[in-house]
Amino acid sequence: MIRLVLLLLFLVIYFIISLPILLAEWIIQHFNMDVRNKSSLACVKFGLKCVVLLSGVKITVNGYENIPKDRAVLFVGNHTSLYDIMVTYILMKRPTGYIAKKEMKKIPFLSWWMYFVNCIFLDRKDPREGLKSVLAAADMIKNGISVFLFPEGTRSKDGKLHEFRDGSMKIATKSQCPVVPVGITGTANVFEKHFPKVKSAKVTVNFGEPIYTENMTRAEQKNLSHITHEKVAALIGQTKF
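Residues numbered from 1 in each chain as written. Predicted model: local features only at pLDDT ≥ 70, side-chain atom pairs only at ≥ 80, totals over all residues. Heavy atoms only, no water.

Mind showing me how you'd approach the nonpolar core here?
The tendency in soluble globular proteins is for nonpolar side chains to be buried as a group. F75, Y83, V205 and F207 are the most contacted members of the largest nonpolar core, which has 43 residues in total. Put simply, the parts of the chain that give this core at least two residues each are α1 (2–28), α2 (33–55), α3 (83–89), β3 (96–101), α4 (110–116), β6 (179–185) and β7 (201–207). Among the nonpolar cores identified, the runner-up in size contains 25 residues, and V76, L161, V232 and A233 belong to it. (Core = buried A, V, L, I, M, F, W, Y, C linked by side-chain atoms within 4.5 Å. Buried < 20%, exposed > 50% of the residue type's maximum accessible area, 1.4 Å probe, protein only. Helix = DSSP H or I, 4+ residues; strand = E, 2+ residues; numbered from the N terminus.)

Laid out in structure tokens, this is it:
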């Protein structure tokens, strides 16, 4: 429980100290959005690096070179833990927004920082609002900001990779961006498997080769969800034979 107490103490201090920084970010965005995006990325990465360090998480990264350096992409990963976001965000090379459930928008401080790092809040129960979120994410990628998506819809409690929601992959086809499959293992060992304790664990993040969507046929676009699912499954060792 000591790690959990330290984490909660750090988060309280971080959010208090970050209040004037949030105000500064709000002012900066009215003059230069690119500067705001980069400075917000740096602030949040620092906070999450501290959380990962205090949690005793040791990260092994493979395939980092597969992330395109010259353009925004859609990252697509499996989801078993809250720590999936923390360990991947600190690896992002450029401003990246995450697709989050709309309920998180109600959390003070956290939702404010999520706004400044371009997170998009998704209403999973309203198809029209869901489509708006998809279009907003596609526009964001066109403007040079990457998006990270967990298309299973929710965290997997059994550790198995579940089906991807097809609609979410329209982010890639509408923006014609590369899709980078991401396989994450070990994160559930930090927190979820022994809630409420936080324990040290080894985590592996595998970045697969990008799937380019520019010249895909309509049939290939429809199959993109399945293709990406197979690649993520291979990255976490859950390939079906």
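Honestly, unusual backbone geometry in this entry has me stumped. Any pointers?
Of all residues except glycine, most have a negative phi; of all peptide bonds, most are trans. Of the consecutive residues F195 and P196, the connecting peptide bond is found in the cis state with omega at 10 degrees. With respect to the helices, strands and loops of the structure, P196 is situated in the loop between β6 and β7. In this structure, F109 is a non-glycine residue whose phi angle is positive, near 70 degrees. In this structure, F109 sits in the loop between β3 and α4.

Explanation requested: a positive patch on the surface in the structure shown.
Positive charge collects at one region of the surface, where K101, R124, K125, K157 and R165 lie side by side. Position of K125 relative to the elements: it lies in the loop between β4 (120–122) and α5 (127–142). (Patch = residues over 30% accessible without salt bridge, like charges linked within 9 Å, V, L, I, M, F, W, Y side chains within 5 Å. Areas by Shrake-Rupley, 256 points an atom, 1.4 Å probe, with all protein chains shown as cover. Salt bridge = Lys/Arg side-chain N within 4 Å of Asp/Glu carboxyl O. Lys, Arg positive; Asp, Glu negative; His and termini not counted. Charge placed at Lys NZ, Arg CZ, Asp CG, Glu CD.)

Any chance you could explain the pattern of salt bridges here in plain terms?
Oppositely charged side chains can pair when the atoms bearing their charge come close. Inspection of the entire model under this criterion finds 3 salt bridges. The partner of D34 in a salt bridge is K38, and the shortest N-O contact between them spans 3.4 Å. Of this pair, D34 and K38 are both found in helix α2, 4 residues apart, which corresponds to roughly one turn of the helix. Taking relative accessible area as the criterion, D34 reaches 44% and is therefore assigned partly exposed. Overall, the relative accessible area of 49% leaves K38 in the partly exposed class. Measuring nitrogen to oxygen at the nearest pair gives 3.1 Å for the salt bridge that ties E192 to R155.

Can you help me understand the pairing of strand β5 (residues 146–149) in this one?
Across a regular strand the side chains alternate sides, sitting on one face of the sheet and then on the other. Because side chains alternate across β5, one face comprises the buried residues S146 and F148, and the other comprises V147 and L149, equally buried. When strand β2 (residues 74–77) meets β5, the two strands line up parallel, connected through 3 bridges. In the strand pairing of β5, F75 is matched with F148. Across 3 bridges, the pairing between β3 and β5 is parallel. Bridging across to β5, T96 finds its partner in S146. (Pairing = 2+ DSSP bridges.)

Teacher, can you tell me more about the state of the cysteines here?
Two cysteines form a disulfide when their sulfur atoms are joined by a covalent bond. Enumeration according to the criterion identifies 0 disulfides in this entry. Of all cysteine sulfurs, the one in C43 lies closest to C119, which takes part in no disulfide; the gap is 14 Å. Relative accessible area serves as the criterion here: at 15%, C119 is assigned to the buried category. As a non-bridged cysteine, C177 has C119 as the owner of its nearest cysteine sulfur, 17 Å distant. Residue class for C177 comes out buried when judged on its relative accessible area of 2%. (Disulfide = S-S within 2.5 Å.)

I'm lost on α2 in this one. Help?
Every α-helix winds through 3.6 residues per turn, so residues three or four apart in the chain are directed the same way. The terminal C-alpha atoms of α2 lie 33 Å apart, and with 23 residues this matches the ideal 33 Å at 1.5 Å per residue to within 8%. Within the sequence span of α2, burial applies to R36, N37, S40, L41, V44, K45, G47, L48, C50, V51, V52 and S55. Among the residues of α2, the N-terminal cap falls to N32, whose side-chain oxygen and the backbone nitrogen of D34 are separated by 3.1 Å. Backbone geometry just downstream of α2 places G56 in the positive-phi region, at approximately 75 degrees. (Expected span 1.5 Å × (residues − 1). Polar contact = N/O pair within 3.5 Å; in protein donor to acceptor, adjacent residues only side chain to side chain.)

Before we go on, may I ask you to explain the side chain of S156 in this structure?
For S156, the position within the fold is in the loop between β5 and α6 (170–175). Within polar-contact distance, the side chain of S156 engages the side chain of D158 at 2.8 Å. A distance of 2.7 Å separates the side chain of S156 from the backbone oxygen of K160, its partner in a polar contact.

Can you help me understand the packing of α1 against α2 in this one?
Between two packed helices, what matters for the description is the angle formed by their axes and the separation of those axes. Interhelical geometry of α1 versus α2 gives an angle of 175 degrees and a closest axis separation of 10 Å. Classified by the angle between their axes, α1 and α2 sit roughly antiparallel to one another. Contacts between α1 and α2 pair R3, L6, L7, F10, L11, Y14, I21, E25 and I28 from the former with V35, R36, S39, S40, C43, V44, F46, G47, C50, V51, L54 and S55 from the latter. (Axes fitted to C-alpha atoms, helices over the stretch in contact; angles between N-to-C directions. Parallel < 35°, antiparallel > 145°, perpendicular 65-115°, else oblique. Contact = heavy atoms within 4.5 Å.)

The quantities given are spatial measurements derived from coordinates; they are silent on function.
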